[in-house]
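Structure assessment
Next come the chains, spelled out residue by residue.
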Amino acid sequence: MYRQILVDPNQRDLQRIAWKTSADAPVKTYKLSTITYGTVSAPFLATRTLKALADEQRADFLDTVDVISNDIYMDDVLSGESTLEGAKKLQTKISQLLLTGGFELHKCVSNSPELLKDLSASSYVLDKEFQDASVKT
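Throughout what follows, the structure given in this document is the object of discussion. Here the structure is a predicted model, which means the values were calculated and not measured.

Thoughts on the overall build of the chain
What the chain contains, in helices and strands, is five helices and four strands. Ordered by position from the N terminus, the helices and strands of the chain form the series β-β-α-α-β-β-α-α-α. In the chain, which comprises 137 residues, the share counted as buried stands at 29%. In the form shown here, the chain has an accessible surface area of approximately 9400 Å², with 53% of it arising from carbon and sulfur atoms.

Structure (structure tokens):
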């Protein structure tokens, strides 16, 4: 997710990298244009980006906005519903909301195999090995 979030061009100087290909080579300077995993600010920036997206989409995804705003840890949504049908609807709405910002769902884990079996490749980009492991547990 971090590599999908662009940093404002005015702030890219704060993410400069100096690089030399050899000891006698000239120093090349690069500016990273996306959030960099491992930096202190990365989790905050990712979470803040998702909250801003949720705020922008509030009119179209009223119930889902609360989940995105309150049930996120770094780049994972940790939420649920009391019924399977409610969980399926929430899953679909979360995916749709995230797609409006260019984010695709790459993994889905559930304690209910029923929730995972209806996922289609056209709606989600899932790690098949991860999904199979989740269904077996």
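Moving on, there is more to tell.
Observations regarding the nonpolar core
Judged by nonpolar contacts, the single largest core of 19 residues is most densely connected at I35, L50, I68, I94, L97, L98 and F103. Those elements that provide at least two residues to this core are α1 (42-56), α2 (62-70) and α3 (84-100). For this core, the leading source of residues is α1, giving five residues. Residues in contact with L98, not counting those within four places in the same chain, are L50, L53, I68 and F103.

Concerning the packing of α1 against α3
Contact pair α1 / α3: the axes reach a minimum separation of 10 Å and the direction vectors enclose 100 degrees. Comparing the axis directions of α1 and α3 gives the class roughly perpendicular. The segment α1 lies against α3, with L50, L53 and A54 engaging L97, L98 and T100. Along the lines of polarity and charge, the residues of the contact of α1 with α3 split into five nonpolar, one polar and no charged.

Considering the environment of P26
Looking at the secondary structure, you find P26 in the loop between β1 (16-19) and β2 (28-31). P26 gets classed as exposed once you look at its relative accessible area, which sits at 63%.

Digging into the packing of α1 against α2
Their axes nearest at 9 Å, the elements α1 and α2 cross at an angle of 165 degrees. Compared by their axis directions, α1 and α2 come out roughly antiparallel. With respect to the hand of their crossing, α1 and α2 are arranged in left-handed fashion. Along its contact with α1, which presents L50, K51 and A54, the element α2 presents V65, I68 and S69. Its residues assigned to classes, the contact of α1 with α2 shows four nonpolar, one polar and one charged.

Quick look at α2
Every buried residue of α2 is accounted for by T64, V65, V67, I68 and S69. Where α2 is buried, its residues contact α1, β3 (72-73), β4 (76-77) and α3.

Here's the deal with the pattern of salt bridges
Counted according to the given criterion, the structure contains three salt bridges. The partner of D13 in a salt bridge is R16, and the shortest N-O contact between them spans 3.9 Å. One salt bridge connects R58 with D55, and the closest N-O pair in it is separated by 3.2 Å. What you see here is one network of salt bridges that share partners, running through D13, R16 and K31.

What counts, and where the lines are drawn
- Residues numbered from 1 in each chain as written.
- Predicted model: local features only at pLDDT ≥ 70, side-chain atom pairs only at ≥ 80, totals over all residues.
- Heavy atoms only, no water.
- Helix = DSSP H or I, 4+ residues; strand = E, 2+ residues; numbered from the N terminus.
- Buried < 20%, exposed > 50% of the residue type's maximum accessible area, 1.4 Å probe, protein only.
- Areas by Shrake-Rupley, 256 points an atom, 1.4 Å probe, with all protein chains shown as cover.
- Core = buried A, V, L, I, M, F, W, Y, C linked by side-chain atoms within 4.5 Å.
- Contact = heavy atoms within 4.5 Å.
- Axes fitted to C-alpha atoms, helices over the stretch in contact; angles between N-to-C directions.
- Parallel < 35°, antiparallel > 145°, perpendicular 65-115°, else oblique.
- Nonpolar A, V, L, I, M, F, W, Y, C, P; charged D, E, K, R; others polar.
- Left-handed = near helix turned anticlockwise from the far one by under 90°.
- Salt bridge = Lys/Arg side-chain N within 4 Å of Asp/Glu carboxyl O.

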